[in-house]
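Report on the structure
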Amino acid sequence: MAAPSSHNQTLSFLKRRFAEAGLRPQTKLGQNFLIDLNLLRLLLRTARLAPDDVVLEVGTGTGSLTAQMASQAAAVVTVEVDPQMHQLASEQLHGTSNVRMLLVDVLKNKNRLNPIVLETVFNELQAAPGRRFKLVANLPYNVATPLCTNLLAIDRPPESMTITVQKEVAARFVAQPGTKPYGGLSIWVQCQCQVELVRIIPPTAFWPRPKVESAIVQITLDDQLRSQIADRSYFHQFLRAMFCHRRKLLRSELFAAMNGQLTKPDVDDILRQQQLDGTLRAEQLDVPTMLALCQAVRSRIPG
């Protein structure tokens, strides 16, 4: 599993490689490269990669981070949507036997992962006993939320996700009830995982510089939390519906979310049983309360 000669992803290295290839970063594809080597090392340390790990990386870039992870893990499945970047990384990663490079979009659509990506990851997981699935990536801003959301919807999600994301998204991951960032994403992640905001990253740590701050986030799957969800698919749909109109009061939001499946007296009865004030808003309910409300709704609706 020998890695190719590794180049530090410094600003001078990146500018030279892009100039040699006649390329320019495409910011519309989220091509903001992390050039602070201390932060790259922090990302890797936080991931705690081991020889049995199968790593999914989204956004191969030049392949510098990929090469470092390949030297520590059993396999790396790295996904790149830009053909030019894919070719650039192929040169960097030539001869690295445990890297699987995919030139595809990681998302089939907003609500579904690309099956080719999942198939490749699970083939690597099944190649040897005891292998573990991890996501480690400097994520393009535009895929961070749908990627993490959909990974947590599958039956075998990553044991951990160590990622750089926009600071605003990181705030939503860790937000508490009653705060502005708190919403369906917060609940969906926190009902299954332990979440840690590891480090805020300034724009100067990237090339080209983004207009916003970023953050390194560690999301660790918690099987005990996950087991408390009776039907993950149903709960996921329930959350989307409950946060469709954030400013509606809870009684009105619940009635609208059920789209005719519950009458207003049904809604009132459920809220009374759950000891919830209908003049609250969904963003004020903590994770256990939202889970209990979902279960009460689910048990009331036939079929």
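Computed from a prediction, not measured in an experiment: that's the story for all the values here. Numbers given to residues run from 1 along each chain, matching the order in which its sequence is written. Given that the model is predicted, a residue must reach a pLDDT of at least 70 before its local features are reported, and side-chain atom pairs must reach 80 or more before they are shown or counted; all residues, however, enter totals for whole chains, interfaces and linings. For side-chain calculations, the full set of non-hydrogen atoms in the structure is used, while hydrogens and water are omitted.

**Notes on the pattern of salt bridges**
Here a salt bridge means any side-chain nitrogen of Lys or Arg lying within 4 Å of a carboxyl oxygen belonging to Asp or Glu. If you walk through the whole model with that rule in mind, you get 15 salt bridges. Across the salt bridge formed by Asp53 and Lys134, the nearest N and O atoms sit 3.1 Å from each other. Here Lys134 lies in strand S7 (residues 132-138) and Asp53 lies in strand S2 (residues 53-58), a separation of 81 residues in the sequence. The exposure class assigned to Asp53 is buried, which follows from its relative accessible area of 0%. Each residue is assigned to one of three classes by its accessible area relative to the maximum for its type, calculated with a 1.4 Å probe on protein chains only: buried under 20%, partly exposed between the two thresholds, exposed over 50%. For Lys134, a relative accessible area of 6% corresponds to the buried category. The salt bridge involving Asp266 is made with Arg300; its shortest N-O contact spans 3.7 Å. With Asp266 in helix H12 (residues 264-273) and Arg300 in helix H13 (residues 287-300), this pair connects stretches of sequence that are 34 residues apart. On the accessibility criterion, Arg300 (27% relative accessible area) is partly exposed. Through salt bridges with shared partners, a single ionic network connects Asp266, Asp269, Arg272 and Arg300. Comment: elements are numbered from the N terminus, with helices defined as DSSP H or I runs of at least four residues and strands as E runs of at least two.

**A short note on unusual backbone geometry**
A cis amide bond, omega -15°, links Trp207 with the succeeding residue Pro208. Tracing the backbone through its elements, the reader meets Pro208 in the loop between strand S10 (206-207) and strand S11 (214-221). One non-glycine residue with positive phi stands out, namely Asn259, at about 50°. Along the chain, Asn259 turns up in the loop between helix H11 (250-257) and H12. For Gln275, which is not glycine, the phi dihedral falls at a positive 55°. Position of Gln275 among the secondary structure elements: in the loop between H12 and H13.

**Overview of the side chain of Gln192**
Relative to the helices and strands, Gln192 resides in the loop between helix H8 (184-190) and strand S9 (193-201). Judged by its relative accessible area of 0%, Gln192 is buried. Two residues form a contact once any of their heavy atoms are found within 4.5 Å. The residues contacting Gln192, other than those within four sequence positions of it, are Leu152, Thr220, Leu221, Asp222, Leu225, Arg226, Ile229 and Arg232.

**As for the confidence of the model for the chain**
In this model, the chain carries a mean pLDDT of 94, and residues with pLDDT of at least 70 account for 97%. Known as pLDDT, the predictor's confidence for each residue is given on a scale from 0 to 100. Confidence drops under pLDDT 50 across residues 1-6; counting only partners more than four residues distant or on other chains, this segment forms 18 contacts.

**Notes on helix H5 (residues 115-125)**
Listing the buried residues of H5 in full gives Val117, Leu118, Thr120, Val121, Glu124 and Leu125. Down the axis of H5, the buried side of the element spans an arc of 165°, and every buried residue falls inside it. On its buried face, H5 sits against S2, strand S3 (75-80), strand S4 (99-103), strand S6 (112-113) and S7. Polar contact criterion, stated in full: a pair of N or O atoms within 3.5 Å, where within protein one must be able to donate a hydrogen and the other to accept it, and residues adjacent in sequence count only if both atoms are side-chain atoms. Structurally, the start of H5 carries an N-cap: the backbone nitrogen of Ile116 is 3.0 Å from a side-chain oxygen of Asn114. This arc is built from the directions going out from the helix axis to the C-beta atoms.

**Digging into the packing of aromatic side chains**
The rule is short: rings of Phe, Tyr and Trp, with Trp giving its six-membered ring, pair when the centres are within 6.5 Å, and they are stacked under 30 degrees, edge-to-face over 60, tilted in between. Overall, the coordinates contain three aromatic pairs when judged by the stated rule. Ring centres 5.5 Å apart and planes at 65° place the aromatic pair Phe18 and Phe33 in the edge-to-face group. Taken together, the positions of Phe18 in helix H1 (residues 11-21) and Phe33 in strand S1 (residues 33-34) put the pair 15 residues apart, joining distant regions of the chain. Judged by its relative accessible area of 6%, Phe33 is buried. A centroid spacing of 6.3 Å and a plane angle of 75° characterise the contact between Phe122 and Phe133, whose relative ring orientation is edge-to-face. Of the two residues, Phe122 sits in helix H5 while Phe133 sits in strand S7, which places them eleven residues apart along the sequence. Three or more aromatic residues link up through ring pairs in this structure, and these residues are Phe18, Phe33 and Trp207. Sitting above the plane of the Phe255 ring, Lys264 keeps its charged end 5.4 Å from the centroid. Geometrically, a charge over a ring is one whose NZ (Lys) or CZ (Arg) sits within 6 Å of the ring centre while staying within 35 degrees of the ring normal.

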